Amino acid sequence: MSRRGLLLPVVGFLVLSLGCAAAPPKKDYAAFHAANPRSILVVPVINNTNNVEAPGLFLSTMPIPVAERGYYVFPVNMVRRVLEDEGLSDANLVHTADTARLCNLFGADSVLYVSIEAWTAQYLLITTQVTVEFDYVMKDGKTGDTIWKEHKKVVYAPQQQSGGSPLAALVAAAVQAAVTKAAPNYMPLARQANAEVINTPGVGLPAGPHNREYGKDTVSAK
Amino acid sequence: MTARRSFFLLLAAFAAAAVGCAPRTAYLWGDYDTALYDHYRNPQDTERYVERLGQIVQKAEVEKDKVPPGLYAEYGYALFEAGRLDEAITYYGKEREQWEESRVFMDKMIRNTRRLKENRPGPAPGGELPPPAGTIPGAAPAGEAK
């Protein structure tokens, strides 16, 4: 818990520093609104990196932001185990399986497929640069059509040293070390990526039926 | 001032900033994501996992509409893996009651678990979800009355 206490402010700072990024172009939500899903089946993620812990860690960060957005999220661990029993123990198999059939198994309205494209720590001279990158694709359970997708890359590196103060560099390095040495290392970055992908106006996931903003949120406004 | 001291001061400042704008969540999650992750890393640690999810359920249940979607089901499945089939069925039922979106799935799981309990293995009519591998039918602890 103390580690988490240390990481939270760091993430908070990251979020704050990213708050001023320019709003990306709005995307077309027609297919999403036509499908109007209430529930989302988050299936095991494809791992295109060589970090073996990435898929499990990432999957565990998904339910909270998606549910908070207003959707029923199927229990990810239970779903993973049930799929294994179905012979779909490999995420690649799950992702290539028929979406409608998958949804039928669980009574789900939609499926959220994520693949991990990068999950690396690059050790530089005094710091470590951490990069995570994800692809999110959501498909309608009836038609199998893609109704939402997003790509996210988060790079954690020390802030630019404006004054060139050696003390500031040292502090930044210490914060950096806290992020990269703590276990699980990548949790805050995965959380951050998810939060941004799901909640960013104009590109995020529209508010679901369990969210007060349902039907009137600005994320998906035309 | 030492670097170490200013480091902590800086952290404190960040913490204050983060707390100031921390969004309130609709549900009470506790340490749900780390509990899931720890179980993923160490699937043998069933007892600890059951205990952690149980604590999250207990805290969330104080306010009924604060129980997150999937939590009852995940807890039920943890109980199931621990061989506590009756309790598993109870929590699948709670998930089913609270979230209508879960009904198809929970109905199947309840059916499969009951069948396992009754020591009658074999495919259910139309039931595509078999009991988890590694669960030997009839291996449920004795005293599962009712």
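The rules behind these values
- Residues numbered from 1 in each chain as written.
- Chains lettered and ligands numbered in written order.
- Predicted model: local features only at pLDDT ≥ 70, side-chain atom pairs only at ≥ 80, totals over all residues.
- Helix = DSSP H or I, 4+ residues; strand = E, 2+ residues; numbered from the N terminus.
- Buried ≥ 20, exposed ≤ 12 C-beta atoms within 10 Å, placed from the backbone.
- Contact = placed C-beta atoms within 7 Å.
- Core = buried A, V, L, I, M, F, W, Y, C linked by C-beta atoms within 7 Å.
- Pairing = 2+ DSSP bridges.
- Axes fitted to C-alpha atoms, helices over the stretch in contact; angles between N-to-C directions.
- Parallel < 35°, antiparallel > 145°, perpendicular 65-115°, else oblique.
- Nonpolar A, V, L, I, M, F, W, Y, C, P; charged D, E, K, R; others polar.
- Expected span 1.5 Å × (residues − 1).
- Left-handed = near helix turned anticlockwise from the far one by under 90°.
- pLDDT = per-residue confidence, 0-100.

**Side note on the overall build of chain B**
(1) Moving on: Helices and strands together make up the secondary structure of chain B, namely 6 helices and 0 strands.
(2) Moving on: Ordered by position in the sequence, the α and β elements of chain B form the string α-α-α-α-α-α.
(3) Moving on: Counting across all 146 residues of chain B, residues that qualify as buried make up 35%.
(4) Moving on: Expressed as a percentage of contacts within chain B between residues at least 6 apart in sequence, the contacts between residues at least 24 apart total 42%.

**Here's the deal with the overall build of chain A**
(1) Moving on: Across its full length, chain A carries 9 helices and 6 strands.
(2) Moving on: Here chain A, with 222 residues, has 44% of them falling under the buried criterion.
(3) Moving on: Within chain A, contacts between residues separated by at least 24 positions form 70% of all contacts whose residues are at least 6 apart in sequence.

**Some thoughts on the nonpolar core**
(1) Moving on: The biggest cluster of nonpolar side chains holds 82 residues, and the ones touching the most others in it are Leu41(A), Val42(A), Val66(A), Val79(A), Leu112(A) and Val132(A).
(2) Moving on: Sequence-distant contacts of Val42(A), defined by excluding residues within four places in its chain, comprise Met62(A), Pro63(A), Val66(A), Val73(A), Phe74(A), Val76(A) and Leu112(A).

**What to know about the pairing of strand S4 (residues 110-123) of chain A**
Residues and elements named next belong to chain A.
(1) Moving on: Direction of pairing for strand S1 (residues 39-42) relative to S4: parallel, over a ladder of 3 bridges. From the neighbouring strand, Leu-41 faces S4, where its bridge partner is Val-111.
(2) Moving on: In the sheet, strand S2 (residues 46-47) pairs with S4 via 2 bridges, with the strands oriented parallel. Counterpart to Asn-47 in the pairing with S4 is Ile-116.
(3) Moving on: With 13 bridges joining them, S4 and strand S5 (residues 128-140) adopt antiparallel strand pairing. In the sheet register, Thr-120 faces S5, and the bridge partner there is Thr-131.

**Brief notes about the packing of helix H4 (residues 71-81) of chain B against helix H5 (residues 85-98) of chain B**
Any two packed helices are characterised by the angle at which their axes cross and by the distance between the axes.
Residues and elements named next belong to chain B.
(1) Moving on: Direction vectors running N to C along H4 and H5 enclose 170°, while the axes themselves pass 8 Å from each other. In terms of their interaxial angle, H4 and H5 are classed as roughly antiparallel. Residue-level contacts link Tyr-72, Ala-73, Tyr-75, Gly-76, Tyr-77, Leu-79 and Phe-80 of H4 to Leu-85, Glu-87, Ala-88, Tyr-91, Tyr-92, Lys-94, Glu-95 and Gln-98 of H5.
(2) Moving on: Of the residues in the contact of H4 with H5, the class split is 10 nonpolar, 2 polar and 3 charged.

**Quick look at H5(B)**
Residues and elements named next belong to chain B.
(1) Moving on: Taking 1.5 Å of rise per residue, the 14 residues of H5 would be expected to cover 20 Å, and the 20 Å separating its terminal C-alpha atoms lies within 8% of that figure.
(2) Moving on: All buried positions along H5 are accounted for by Leu-85, Ala-88, Ile-89, Tyr-91, Tyr-92, Lys-94, Glu-95 and Arg-96.
(3) Moving on: Packed against the buried residues of H5 are H4 and helix H6 (103-117).

**A word on the pairing of strand S6 (residues 146-156) of chain A**
All names here are of chain A.
(1) Moving on: The pairing of S5 with S6 spans 10 bridges and is classified as antiparallel. Its bridge partner lying in S6, Thr-131 is registered against Val-155.
(2) Moving on: The hairpin turn running from S5 into S6, its antiparallel successor, is 5 residues long, and Gly-144 in that turn takes a positive phi close to 80°.

**Some details on the packing of helix H3 (residues 46-60) of chain B against H4(B)**
Residue and element names in this part refer to chain B.
(1) Moving on: Between H3 and H4, whose axes approach to 9 Å, the crossing angle comes to 150°. Between H3 and H4, the interaxial angle falls into the category roughly antiparallel. Pair H3 / H4 crosses with left-handed handedness. Residues Thr-46, Tyr-49, Val-50, Leu-53, Gly-54, Ile-56, Val-57 and Ala-60 of H3 form the contact with H4, whose participating residues are Leu-71, Tyr-72, Glu-74, Tyr-75, Ala-78, Leu-79 and Glu-81.
(2) Moving on: The class makeup of the residues in the contact of H3 with H4 is 11 nonpolar, 2 polar and 2 charged.

**Comments concerning the environment of Phe74(A)**
(1) Moving on: Considering the arrangement of structural elements, one finds Phe74(A) in the loop between strand S3 (72-73) and helix H5 (76-85).
(2) Moving on: Sequence-wise, Phe74(A) and Pro63(A) are 11 residues apart; in three dimensions their C-alpha atoms are separated by 8.0 Å.
(3) Moving on: Those residues in contact with Phe74(A), other than ones at most four positions away along the chain, are Ser39(A), Leu41(A), Val42(A), Val79(A), Phe106(A), Ala108(A), Gly70(B) and Phe105(B).

**Side note on the confidence of the model for chain B**
Residue and element names in this part refer to chain B.
(1) Moving on: Per-chain confidence: chain B averages 80 in pLDDT, with 66% of residues scoring 70 or above.
(2) Moving on: The spread of mean pLDDT over the elements of chain B runs between helix H1 (residues 3-20), the lowest at 53, and H5, the highest at 98.
(3) Moving on: Predicted confidence for residues 16-21 stays below pLDDT 50, and this span has 6 contacts to residues more than four positions away or in other chains.
(4) Moving on: Across residues 122-127, where pLDDT falls below 50, the model places 6 contacts with residues more than four positions away in sequence or in other chains.
(5) Moving on: Taken over the whole predicted complex, pTM reads 0.76, whereas the ipTM for its chain interfaces reads 0.78.

**Overview of helix H3 (residues 54-61) of chain A**
(1) Moving on: Counted residue by residue, H3(A) has 8 buried out of 8 residues, so it is predominantly covered.
(2) Moving on: Taken residue by residue, H3(A) has Ala54(A), Pro55(A), Gly56(A), Leu57(A), Phe58(A), Leu59(A), Ser60(A) and Thr61(A) as its buried positions.
(3) Moving on: At its buried positions, H3(A) is contacted by S2, H5, helix H6 (91-96), S4 and helix H9 (187-199) of chain A together with helix H2 (32-41) of chain B.

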